[in-house]
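Chain and residue survey
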Amino acid sequence: MEELPISPLASPHPEWRSIFSQNISIHQFDVELHSIIQKIIDGNELNESDGLLLFHHPSLSQLGAIAWGVKHAMYGKNVFFNSNVHINQTNVCVLACKFCAFRRGAKSNDAYEYSVEEFVNELETYKDAVDEVHTVGGLHPDLTIEYYEELFTTVKKRFPHIAIKSLSAVEIKHLSQQSNISIAEVLMRLKNSGLTSLPGGGAEILNDEVRAIICNGKESSQEYLAIHREAHHLGIPTNCTMLFGTIETPEQRIQHLIQLRNLQSETNGFQCFVPYPFLQDNTRLPEAQLATGQEILRMISISRIMITNIPHIKAYRMNIGDHLAELALQYGADDIDGIVQKESIMHSAGSNALLELDNTMLAKLIENSDSIPIRRNTTYDRAKPFIKPEIPRIIQLPVVQG
Ligand code: SF4
(Lines give C-alpha, C1' and ligand atoms only; values in the text may rest on other atoms or scores of the structure.)
Protein backbone atom coordinates (compact mmCIF):
# COMPACT_ATOMS: atom_id res chain seq x y z
CA MET A 1 0.00 0.00 0.00
CA GLU A 2 1.30 3.46 -0.94
CA GLU A 3 3.14 5.22 1.90
CA LEU A 4 1.63 8.60 2.72
CA PRO A 5 3.83 11.71 2.89
CA ILE A 6 4.49 13.51 6.20
CA SER A 7 1.94 16.32 6.20
CA PRO A 8 0.33 18.89 8.54
CA LEU A 9 -2.94 18.42 6.61
CA ALA A 10 -4.59 16.54 9.49
CA SER A 11 -3.83 19.21 12.12
CA PRO A 12 -6.33 21.95 12.95
CA HIS A 13 -5.56 25.34 11.38
CA PRO A 14 -3.55 27.28 14.02
CA GLU A 15 -5.81 30.33 13.55
CA TRP A 16 -9.07 28.40 13.50
CA ARG A 17 -10.80 30.53 16.15
CA SER A 18 -10.23 33.69 14.13
CA ILE A 19 -11.46 31.92 10.95
CA PHE A 20 -14.54 30.72 12.89
CA SER A 21 -15.19 34.26 14.11
CA GLN A 22 -14.97 35.70 10.58
CA ASN A 23 -17.22 33.02 9.07
CA ILE A 24 -19.97 32.81 11.65
CA SER A 25 -22.83 35.25 11.56
CA ILE A 26 -23.76 35.29 15.25
CA HIS A 27 -27.10 37.08 14.82
CA GLN A 28 -28.49 34.23 12.74
CA PHE A 29 -28.49 32.12 15.91
CA ASP A 30 -30.94 32.14 18.81
CA VAL A 31 -29.86 34.63 21.43
CA GLU A 32 -29.16 31.99 24.12
CA LEU A 33 -26.47 30.51 21.85
CA HIS A 34 -24.60 33.82 21.50
CA SER A 35 -22.56 33.46 24.70
CA ILE A 36 -21.52 29.95 23.62
CA ILE A 37 -20.37 31.18 20.23
CA GLN A 38 -18.51 34.03 21.91
CA LYS A 39 -16.76 31.60 24.28
CA ILE A 40 -15.54 29.56 21.30
CA ILE A 41 -14.20 32.70 19.65
CA ASP A 42 -12.50 33.87 22.86
CA GLY A 43 -11.02 30.45 23.65
CA ASN A 44 -13.00 30.03 26.88
CA GLU A 45 -14.05 26.51 27.82
CA LEU A 46 -17.74 25.70 27.83
CA ASN A 47 -19.02 24.58 31.23
CA GLU A 48 -21.63 22.02 32.23
CA SER A 49 -24.55 24.45 31.96
CA ASP A 50 -23.43 25.43 28.45
CA GLY A 51 -23.37 21.74 27.53
CA LEU A 52 -26.85 21.19 28.94
CA LEU A 53 -28.14 24.25 27.13
CA LEU A 54 -26.86 22.69 23.88
CA PHE A 55 -28.34 19.33 24.84
CA HIS A 56 -31.83 20.79 25.36
CA HIS A 57 -31.78 23.45 22.64
CA PRO A 58 -34.68 22.85 20.26
CA SER A 59 -32.80 23.59 17.02
CA LEU A 60 -30.53 20.75 16.00
CA SER A 61 -29.73 22.62 12.79
CA GLN A 62 -28.33 25.59 14.76
CA LEU A 63 -26.16 23.27 16.84
CA GLY A 64 -25.02 21.56 13.67
CA ALA A 65 -24.18 24.93 12.10
CA ILE A 66 -21.96 25.91 15.06
CA ALA A 67 -20.25 22.50 15.11
CA TRP A 68 -19.74 22.54 11.35
CA GLY A 69 -18.36 26.10 11.67
CA VAL A 70 -15.74 24.88 14.17
CA LYS A 71 -14.89 21.86 12.04
CA HIS A 72 -14.70 23.98 8.87
CA ALA A 73 -12.47 26.58 10.54
CA MET A 74 -10.14 23.79 11.69
CA TYR A 75 -9.94 21.75 8.49
CA GLY A 76 -11.90 23.42 5.70
CA LYS A 77 -13.72 20.79 3.68
CA ASN A 78 -11.18 18.09 4.48
CA VAL A 79 -12.43 14.86 6.01
CA PHE A 80 -10.00 12.14 7.10
CA PHE A 81 -10.11 8.40 6.79
CA ASN A 82 -7.75 5.47 6.97
CA SER A 83 -7.68 1.91 5.76
CA ASN A 84 -7.97 -0.57 8.55
CA VAL A 85 -9.11 -4.01 9.54
CA HIS A 86 -10.56 -5.00 12.91
CA ILE A 87 -9.26 -8.33 14.14
CA ASN A 88 -10.46 -9.36 17.58
CA GLN A 89 -7.91 -11.68 19.12
CA THR A 90 -10.43 -13.39 21.42
CA ASN A 91 -14.07 -13.18 22.43
CA VAL A 92 -13.47 -14.93 25.76
CA CYS A 93 -14.01 -12.52 28.63
CA VAL A 94 -14.08 -12.85 32.39
CA LEU A 95 -16.51 -9.92 32.59
CA ALA A 96 -20.06 -9.68 31.24
CA CYS A 97 -20.87 -6.03 30.51
CA LYS A 98 -24.60 -5.73 29.94
CA PHE A 99 -24.23 -3.85 26.64
CA CYS A 100 -21.79 -6.37 25.17
CA ALA A 101 -23.02 -8.82 22.54
CA PHE A 102 -19.52 -9.95 21.66
CA ARG A 103 -18.10 -11.65 24.75
CA ARG A 104 -18.35 -15.39 25.42
CA GLY A 105 -17.61 -17.55 28.41
CA ALA A 106 -14.57 -19.80 28.00
CA LYS A 107 -16.75 -22.92 27.60
CA SER A 108 -19.11 -21.45 25.02
CA ASN A 109 -19.35 -23.32 21.69
CA ASP A 110 -18.26 -20.28 19.72
CA ALA A 111 -15.57 -19.06 22.12
CA TYR A 112 -12.23 -18.55 20.40
CA GLU A 113 -8.74 -17.20 20.86
CA TYR A 114 -6.28 -16.74 18.02
CA SER A 115 -2.79 -18.06 18.30
CA VAL A 116 -0.16 -15.62 17.07
CA GLU A 117 0.05 -17.59 13.84
CA GLU A 118 -3.72 -17.59 13.30
CA PHE A 119 -3.86 -13.85 13.90
CA VAL A 120 -1.05 -13.18 11.46
CA ASN A 121 -2.61 -15.47 8.85
CA GLU A 122 -5.87 -13.54 9.17
CA LEU A 123 -4.05 -10.24 8.75
CA GLU A 124 -2.19 -11.62 5.73
CA THR A 125 -5.52 -11.60 3.84
CA TYR A 126 -5.85 -7.83 4.22
CA LYS A 127 -2.21 -6.74 4.19
CA ASP A 128 -2.33 -5.06 0.80
CA ALA A 129 -5.52 -3.11 1.53
CA VAL A 130 -4.82 -1.70 4.99
CA ASP A 131 -2.22 0.26 6.92
CA GLU A 132 -3.73 -0.28 10.38
CA VAL A 133 -4.95 -3.23 12.41
CA HIS A 134 -7.44 -2.40 15.17
CA THR A 135 -7.27 -5.13 17.79
CA VAL A 136 -9.39 -5.36 20.89
CA GLY A 137 -11.00 -8.34 22.55
CA GLY A 138 -12.22 -9.94 25.75
CA LEU A 139 -10.31 -10.19 29.02
CA HIS A 140 -9.00 -13.68 28.45
CA PRO A 141 -7.81 -15.46 31.59
CA ASP A 142 -4.79 -17.03 29.83
CA LEU A 143 -3.53 -14.49 27.26
CA THR A 144 -0.54 -12.86 28.91
CA ILE A 145 1.70 -9.88 28.28
CA GLU A 146 4.12 -12.33 26.62
CA TYR A 147 1.40 -13.33 24.12
CA TYR A 148 0.89 -9.69 23.13
CA GLU A 149 4.62 -9.02 22.95
CA GLU A 150 5.04 -11.94 20.58
CA LEU A 151 1.93 -10.95 18.62
CA PHE A 152 2.97 -7.34 18.07
CA THR A 153 6.60 -8.21 17.32
CA THR A 154 5.49 -10.76 14.74
CA VAL A 155 2.99 -8.40 13.12
CA LYS A 156 5.62 -5.65 12.84
CA LYS A 157 8.17 -8.05 11.41
CA ARG A 158 5.78 -9.48 8.82
CA PHE A 159 3.92 -6.25 7.97
CA PRO A 160 6.11 -3.26 8.82
CA HIS A 161 3.68 -0.87 7.05
CA ILE A 162 0.76 -1.79 9.35
CA ALA A 163 0.23 0.29 12.50
CA ILE A 164 -1.03 -1.57 15.56
CA LYS A 165 -3.89 0.25 17.28
CA SER A 166 -4.63 -2.15 20.04
CA LEU A 167 -6.01 -2.86 23.51
CA SER A 168 -8.51 -0.77 25.41
CA ALA A 169 -7.79 0.57 28.91
CA VAL A 170 -9.49 -2.36 30.65
CA GLU A 171 -7.34 -4.84 28.68
CA ILE A 172 -4.24 -2.96 29.81
CA LYS A 173 -5.48 -3.14 33.41
CA HIS A 174 -6.22 -6.86 33.01
CA LEU A 175 -2.69 -7.54 31.71
CA SER A 176 -1.22 -5.56 34.57
CA GLN A 177 -3.15 -7.60 37.16
CA GLN A 178 -2.51 -10.92 35.47
CA SER A 179 1.22 -10.40 35.09
CA ASN A 180 1.56 -8.52 38.37
CA ILE A 181 3.37 -5.60 36.76
CA SER A 182 2.52 -1.90 36.71
CA ILE A 183 0.35 -0.24 34.05
CA ALA A 184 3.44 1.70 32.95
CA GLU A 185 5.42 -1.50 32.48
CA VAL A 186 2.63 -3.11 30.44
CA LEU A 187 2.43 -0.08 28.18
CA MET A 188 6.20 0.24 27.80
CA ARG A 189 6.66 -3.43 26.96
CA LEU A 190 3.85 -3.26 24.40
CA LYS A 191 5.26 -0.08 22.89
CA ASN A 192 8.68 -1.71 22.59
CA SER A 193 7.00 -4.63 20.81
CA GLY A 194 5.38 -2.42 18.17
CA LEU A 195 2.18 -0.97 19.65
CA THR A 196 1.36 2.32 17.87
CA SER A 197 -1.64 3.63 19.79
CA LEU A 198 -4.59 2.69 22.01
CA PRO A 199 -8.05 2.75 20.43
CA GLY A 200 -9.96 4.33 23.33
CA GLY A 201 -12.81 1.88 23.75
CA GLY A 202 -14.30 1.18 27.17
CA ALA A 203 -14.86 4.72 28.38
CA GLU A 204 -18.61 4.06 28.15
CA ILE A 205 -19.83 6.80 30.52
CA LEU A 206 -17.24 8.07 32.98
CA ASN A 207 -19.51 7.81 36.00
CA ASP A 208 -19.01 4.98 38.46
CA GLU A 209 -22.70 4.62 39.39
CA VAL A 210 -23.61 4.09 35.76
CA ARG A 211 -20.64 1.78 35.25
CA ALA A 212 -21.65 -0.37 38.23
CA ILE A 213 -24.90 -1.14 36.38
CA ILE A 214 -23.85 -1.42 32.74
CA CYS A 215 -20.28 -2.77 33.05
CA ASN A 216 -19.75 -4.00 36.58
CA GLY A 217 -16.13 -5.02 37.24
CA LYS A 218 -14.65 -2.90 34.48
CA GLU A 219 -12.05 -0.24 35.23
CA SER A 220 -13.39 2.78 37.15
CA SER A 221 -13.72 6.19 35.52
CA GLN A 222 -10.53 7.36 37.21
CA GLU A 223 -8.67 4.21 36.15
CA TYR A 224 -9.72 4.76 32.50
CA LEU A 225 -8.34 8.29 32.67
CA ALA A 226 -5.20 7.21 34.57
CA ILE A 227 -4.35 4.52 31.99
CA HIS A 228 -4.70 7.01 29.14
CA ARG A 229 -2.68 9.58 31.09
CA GLU A 230 0.10 7.02 31.56
CA ALA A 231 0.03 6.12 27.85
CA HIS A 232 0.31 9.79 26.91
CA HIS A 233 3.24 10.25 29.29
CA LEU A 234 4.98 7.32 27.60
CA GLY A 235 4.45 8.81 24.15
CA ILE A 236 1.63 6.47 23.12
CA PRO A 237 -1.21 8.44 21.52
CA THR A 238 -4.74 7.27 22.24
CA ASN A 239 -8.32 7.83 21.17
CA CYS A 240 -11.22 8.21 23.57
CA THR A 241 -14.86 7.22 23.29
CA MET A 242 -18.32 7.64 24.76
CA LEU A 243 -21.10 5.04 24.66
CA PHE A 244 -24.39 6.87 25.06
CA GLY A 245 -28.04 5.82 25.07
CA THR A 246 -27.88 3.27 27.88
CA ILE A 247 -29.07 4.58 31.27
CA GLU A 248 -27.06 7.77 31.70
CA THR A 249 -28.47 11.27 32.19
CA PRO A 250 -27.71 14.32 30.01
CA GLU A 251 -25.63 15.70 32.89
CA GLN A 252 -23.50 12.56 32.94
CA ARG A 253 -22.89 12.79 29.20
CA ILE A 254 -21.72 16.39 29.51
CA GLN A 255 -19.54 15.60 32.55
CA HIS A 256 -17.99 12.79 30.48
CA LEU A 257 -16.97 15.28 27.77
CA ILE A 258 -15.52 17.66 30.35
CA GLN A 259 -13.40 14.92 31.99
CA LEU A 260 -11.88 13.98 28.64
CA ARG A 261 -11.26 17.62 27.79
CA ASN A 262 -9.55 18.16 31.16
CA LEU A 263 -7.20 15.23 30.63
CA GLN A 264 -6.39 16.49 27.15
CA SER A 265 -5.49 19.91 28.60
CA GLU A 266 -3.03 18.11 30.85
CA THR A 267 -1.42 15.67 28.38
CA ASN A 268 -2.41 16.54 24.79
CA GLY A 269 -2.28 12.82 24.00
CA PHE A 270 -5.78 12.19 22.63
CA GLN A 271 -5.96 12.15 18.86
CA CYS A 272 -9.63 11.57 18.29
CA PHE A 273 -12.91 11.41 20.20
CA VAL A 274 -15.43 8.79 19.09
CA PRO A 275 -18.98 9.24 20.44
CA TYR A 276 -21.27 6.34 19.54
CA PRO A 277 -24.71 5.10 20.57
CA PHE A 278 -25.60 1.83 22.24
CA LEU A 279 -26.85 -0.87 19.85
CA GLN A 280 -29.29 -3.21 21.49
CA ASP A 281 -29.28 -6.52 19.60
CA ASN A 282 -28.18 -9.54 21.65
CA THR A 283 -27.40 -7.46 24.73
CA ARG A 284 -28.87 -7.50 28.25
CA LEU A 285 -29.97 -3.94 28.83
CA PRO A 286 -33.73 -3.72 28.21
CA GLU A 287 -33.94 -0.50 30.24
CA ALA A 288 -31.65 1.34 27.81
CA GLN A 289 -33.13 4.60 26.53
CA LEU A 290 -31.44 4.19 23.10
CA ALA A 291 -30.61 7.17 20.90
CA THR A 292 -32.49 8.44 17.87
CA GLY A 293 -30.77 9.59 14.70
CA GLN A 294 -31.29 13.22 15.69
CA GLU A 295 -29.78 12.56 19.10
CA ILE A 296 -26.71 10.95 17.55
CA LEU A 297 -26.15 14.02 15.38
CA ARG A 298 -26.75 16.24 18.43
CA MET A 299 -24.10 14.39 20.48
CA ILE A 300 -21.59 14.65 17.65
CA SER A 301 -22.26 18.39 17.37
CA ILE A 302 -22.00 18.96 21.13
CA SER A 303 -18.76 16.99 21.19
CA ARG A 304 -17.18 19.22 18.54
CA ILE A 305 -18.42 22.39 20.21
CA MET A 306 -17.36 21.45 23.76
CA ILE A 307 -14.10 19.61 23.10
CA THR A 308 -12.02 21.82 20.87
CA ASN A 309 -8.67 20.62 22.26
CA ILE A 310 -8.99 17.04 20.95
CA PRO A 311 -8.20 17.45 17.26
CA HIS A 312 -10.59 14.99 15.67
CA ILE A 313 -14.21 13.89 16.13
CA LYS A 314 -15.02 10.60 14.46
CA ALA A 315 -18.18 9.46 12.72
CA TYR A 316 -17.94 5.78 13.54
CA ARG A 317 -19.74 4.25 10.60
CA MET A 318 -19.41 0.72 12.01
CA ASN A 319 -21.85 1.82 14.68
CA ILE A 320 -24.03 4.58 13.21
CA GLY A 321 -24.18 3.29 9.64
CA ASP A 322 -23.16 4.97 6.40
CA HIS A 323 -26.16 7.27 5.98
CA LEU A 324 -25.89 8.83 9.40
CA ALA A 325 -22.09 8.94 9.15
CA GLU A 326 -22.44 10.97 5.95
CA LEU A 327 -24.73 13.45 7.78
CA ALA A 328 -22.41 13.52 10.82
CA LEU A 329 -19.74 15.05 8.59
CA GLN A 330 -22.00 18.10 8.31
CA TYR A 331 -22.58 18.15 12.07
CA GLY A 332 -19.00 18.56 13.28
CA ALA A 333 -17.25 15.23 12.60
CA ASP A 334 -14.09 15.50 10.50
CA ASP A 335 -12.99 11.87 10.52
CA ILE A 336 -14.69 8.68 9.45
CA ASP A 337 -13.73 5.12 10.31
CA GLY A 338 -12.81 3.93 7.71
CA ILE A 339 -12.12 1.29 5.09
CA VAL A 340 -12.96 -1.36 7.62
CA GLN A 341 -12.45 -4.70 5.98
CA LYS A 342 -13.71 -6.74 8.90
CA GLU A 343 -15.46 -5.92 12.19
CA SER A 344 -17.22 -8.13 14.75
CA ILE A 345 -18.07 -6.21 17.93
CA MET A 346 -20.63 -3.72 16.54
CA HIS A 347 -21.96 -6.27 14.07
CA SER A 348 -22.69 -8.68 16.95
CA ALA A 349 -24.87 -5.92 18.47
CA GLY A 350 -26.86 -5.23 15.31
CA SER A 351 -24.75 -2.92 13.13
CA ASN A 352 -25.47 -3.38 9.44
CA ALA A 353 -22.74 -1.03 8.21
CA LEU A 354 -21.20 -2.35 5.05
CA LEU A 355 -17.80 -3.96 5.40
CA GLU A 356 -15.25 -4.16 2.60
CA LEU A 357 -15.80 -0.65 1.36
CA ASP A 358 -12.95 0.29 -0.88
CA ASN A 359 -11.19 3.65 -0.85
CA THR A 360 -13.22 4.88 -3.80
CA MET A 361 -16.59 4.09 -2.23
CA LEU A 362 -15.64 5.75 1.04
CA ALA A 363 -14.35 8.79 -0.86
CA LYS A 364 -17.73 8.99 -2.57
CA LEU A 365 -19.51 8.88 0.80
CA ILE A 366 -17.28 11.75 2.00
CA GLU A 367 -17.87 13.76 -1.17
CA ASN A 368 -21.63 13.28 -0.78
CA SER A 369 -21.34 15.40 2.36
CA ASP A 370 -19.67 18.17 0.32
CA SER A 371 -16.26 17.28 1.77
CA ILE A 372 -12.83 16.40 0.42
CA PRO A 373 -11.49 12.91 1.25
CA ILE A 374 -8.01 12.86 2.79
CA ARG A 375 -6.35 9.54 3.46
CA ARG A 376 -4.37 9.60 6.72
CA ASN A 377 -2.26 7.23 8.77
CA THR A 378 -3.05 6.05 12.32
CA THR A 379 -1.21 8.90 14.03
CA TYR A 380 -2.48 11.66 11.71
CA ASP A 381 1.03 12.86 10.83
CA ARG A 382 0.93 11.51 7.29
CA ALA A 383 -1.91 12.48 4.99
CA LYS A 384 -2.72 13.09 1.35
CA PRO A 385 -5.81 14.07 -0.67
CA PHE A 386 -7.36 10.94 -2.10
CA ILE A 387 -7.82 11.06 -5.85
CA LYS A 388 -10.49 8.69 -7.04
CA PRO A 389 -9.39 6.54 -9.96
CA GLU A 390 -11.01 7.42 -13.27
CA ILE A 391 -13.89 5.11 -14.01
CA PRO A 392 -13.75 4.30 -17.72
CA ARG A 393 -16.72 5.69 -19.64
CA ILE A 394 -18.99 3.09 -21.12
CA ILE A 395 -18.98 3.52 -24.87
CA GLN A 396 -22.35 2.78 -26.37
CA LEU A 397 -22.27 0.72 -29.50
CA PRO A 398 -24.46 1.94 -32.36
CA VAL A 399 -27.70 0.03 -32.65
CA VAL A 400 -27.74 -1.85 -35.92
CA GLN A 401 -31.20 -2.05 -37.41
CA GLY A 402 -31.90 -5.57 -38.65
S1 SF4 B 1 -17.22 -4.95 26.74
FE2 SF4 B 1 -15.16 -5.86 26.86
S3 SF4 B 1 -14.84 -6.20 29.05
FE4 SF4 B 1 -17.05 -5.95 28.77
S5 SF4 B 1 -17.84 -8.03 28.46
FE6 SF4 B 1 -17.46 -7.19 26.43
S7 SF4 B 1 -15.42 -7.91 25.93
FE8 SF4 B 1 -15.64 -8.12 28.16
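Predicted model only: the values in this text are computed from it and were never measured.

What counts, and where the lines are drawn
In this numbering scheme, every chain counts its residues from 1 along its sequence in written order. Local features in a predicted model are, by the rule used here, given only for residues with pLDDT of at least 70; side-chain atom pairs are given and counted only at 80 or more, and totals for whole chains, interfaces and linings are based on all residues. Three exposure classes are used. Buried residues have 20 or more other C-beta atoms within 10 Å of their own C-beta, exposed residues have 12 or fewer, and partly exposed residues fall in between, all C-beta atoms being placed from the backbone. Secondary structure elements follow DSSP: runs of H or I of four or more residues count as helices, runs of E of two or more count as strands, with numbering from the N terminus. Criterion used throughout: strands pair if DSSP finds at least two bridges between them. For the handedness criterion, the strands are oriented away from the viewer, and a crossover whose path from the first strand over the helix to the second runs clockwise is classed as right-handed. Note that domain bounds follow an automatic or database assignment of domains. Gly falls in the polar group here, along with every residue not listed as nonpolar (Ala, Val, Leu, Ile, Met, Phe, Trp, Tyr, Cys, Pro) or charged (Asp, Glu, Lys, Arg). A fitted line through C-alpha atoms serves as each axis, taken over the contacting stretch for helices, and the angle formed by two N-to-C directions is quoted from 0 to 180°. Reported orientations rely on four angle classes, namely roughly parallel under 35 degrees, roughly antiparallel over 145, roughly perpendicular from 65 to 115, and oblique for the rest. By definition, any crossing whose near helix is turned counterclockwise from its far helix by less than a right angle is left-handed, and any crossing with a clockwise turn is right-handed. Contact criterion: two residues are in contact if their C-beta atoms, reconstructed from the backbone, are within 7 Å. Note on terminology: a nonpolar core is a set of buried residues of type Ala, Val, Leu, Ile, Met, Phe, Trp, Tyr or Cys, with members joined through C-beta atoms within 7 Å.

Thoughts on the pairing of strand 7 (residues 312-316)
- Extensive coverage of strand 7 is indicated by the burial of five of its five residues.
- Residue alternation in strand 7 divides its side chains into two sets, His 312, Lys 314 and Tyr 316 and Ile 313 and Ala 315, and both sets are buried.
- For strand 6 (residues 270-277) and strand 7, the ladder comprises two bridges, and the chain directions are parallel. Each bridged residue has a counterpart across the sheet, and for Cys 272 the counterpart in strand 7 is His 312.
- In terms of handedness, the path from strand 6 via helix 12 (residues 293-306) over to strand 7 forms a crossover that is right-handed.

A few points about the domain arrangement of the protein chain
- Taken domain by domain, the protein chain holds domain 1 (16-71) and domain 2 (80-382).
- Once you take the C-alpha centre of each, domain 1 and domain 2 turn out to be 28 Å apart.
- At the level of secondary structure, the elements contributing two or more residues to the side of domain 1 that touches domain 2 comprise helix 3 (48-56) and helix 4 (60-75).
- No other element matches helix 4, which puts eight residues into the side of domain 1 that touches domain 2.
- Tallied by class, the residues present in the side of domain 1 that touches domain 2 amount to 11 nonpolar, two polar and two charged.

Observations regarding the packing of helix 4 against helix 12
- Two elements in contact, helix 4 and helix 12, have axes whose closest approach is 9 Å; the angle formed by their N-to-C orientations is 40°. In this view, helix 4 runs oblique relative to helix 12, as classed from their interaxial angle. Where helix 4 crosses over helix 12, the handedness of that crossing is left-handed. Packed against helix 4, whose contacting residues are Leu 60, Leu 63, Gly 64, Ile 66, Ala 67, Val 70 and Lys 71, the element helix 12 presents Gln 294, Leu 297, Arg 298, Ser 301, Ile 302, Arg 304 and Ile 305 at the interface.
- Split into classes, the residues belonging to the contact of helix 4 with helix 12 amount to eight nonpolar, three polar and three charged.

Describing the environment of Val 133
- Examined against the element boundaries, Val 133 turns out to sit in strand 2 (residues 132-135).
- Note on Val 133: 26 C-beta atoms within 10 Å, which makes it buried.
- C-alpha of Val 133 to C-alpha of Asp 334: the two residues are 201 residues apart in sequence and 21 Å apart in space.
- Not counting chain neighbours up to four residues away, the residues in contact with Val 133 comprise Asn 84, Val 85, Ile 87, Leu 123, Val 155, Ile 162 and Ile 164.

Section: unusual backbone geometry
- One non-glycine residue, Asp 370, lies in positive phi territory at about 60°.
- Among the structural elements, Asp 370 can be located in the loop between helix 15 (359-368) and strand 9 (372-376).
- In this structure Asp 370 comes out as exposed when scored by C-beta crowding, with 10 C-beta atoms within 10 Å.

Focus: the pairing of strand 1 (residues 78-86)
- For strand 1, a buried count of nine out of nine residues is recorded, marking the element as mostly surrounded by other parts of the structure.
- Here strand 1 shows a buried face lined by Asn 78, Phe 80, Asn 82, Asn 84 and His 86 and a second buried face lined by Val 79, Phe 81, Ser 83 and Val 85.
- Two strands pair when backbone bridges link them, and strand 1 and strand 9 are joined in this way by four bridges, in the parallel orientation. Paired with Asn 78 across the bridge in strand 9 is Ile 372.

Remarks on the nonpolar core
- Counting residues in hydrophobic clusters, the biggest one holds 105 residues, and the most contacted among them are Phe 273, Ile 300, Ile 305, Ala 315 and Ala 328.
- Two domains each donate at least three residues to this core, and these are domain 1 (16-71) and domain 2 (80-382).
- Setting aside chain neighbours within four positions, we find Ile 305 in contact with Ile 40, Leu 46, Leu 54, Ile 66, Ala 67 and Val 70.

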